[in-house]
Amino acid sequence: MVRSPYFLGQLTDILQKGSNKQYQVVEPILSPVAGAVLMALKEFGIPITEEILTEIAKHERSKIGP
């Protein structure tokens, strides 16, 4: 997760100078921990539904920020 304004600026510059693809840097909705859970579910072949996202978002560790 990019939180440093300097790093975010550098990353944005690099992505904009890329070859054929266009990228857009966006703020994450969930924390890295929640993202890891979603990746693990995906690896086990579990489809990520709105219900799963809602339940994961309820957990304290899924929040973004300090």
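Scroll up to find the structure.
Treat the numbers as computed from the prediction; the structure is a model and nothing was measured.

Definitions and limits used
- Residues numbered from 1 in each chain as written.
- Predicted model: local features only at pLDDT ≥ 70, side-chain atom pairs only at ≥ 80, totals over all residues.
- Heavy atoms only, no water.
- Helix = DSSP H or I, 4+ residues; strand = E, 2+ residues; numbered from the N terminus.
- Rg over C-alpha atoms; globule rule 2.2 N^0.38 Å.
- Buried < 20%, exposed > 50% of the residue type's maximum accessible area, 1.4 Å probe, protein only.
- Contact = heavy atoms within 4.5 Å.
- Areas by Shrake-Rupley, 256 points an atom, 1.4 Å probe, with all protein chains shown as cover.
- Lys, Arg positive; Asp, Glu negative; His and termini not counted.
- Charge placed at Lys NZ, Arg CZ, Asp CG, Glu CD.

A. The arrangement of the overall build of the protein in detail. Counting its regular elements, the protein contains three helices and zero strands. Helices and strands appear in the protein in the N-to-C order α-α-α. Here the protein has a C-alpha radius of gyration of 15 Å; the compact-globule value for 66 residues is 11 Å, and the former is much larger. Each principal axis of the C-alpha atoms in the protein carries an extent, and together these give about 35 × 30 × 15 Å. The 66 residues of the protein split such that 9% are buried. Within the protein, counting contacts between residues at least 6 apart in sequence, those at least 24 apart form 46% of the total. Working note: accessible area of the protein is about 5900 Å², and carbon and sulfur atoms make up 60% of it. Considering the protein, the positive charge centre built from 7 side chains and the negative charge centre built from 7 side chains are found 6 Å apart.

B. Spatial organisation of the side chain of S31. Residue position: S31 is located in the loop between α1 (5-16) and α2 (32-43). Judged by relative accessible area, S31 falls into the buried class, the value being 7%. Among all residues touching S31, those that are not within four sequence positions of it are R61, S62, K63 and I64.

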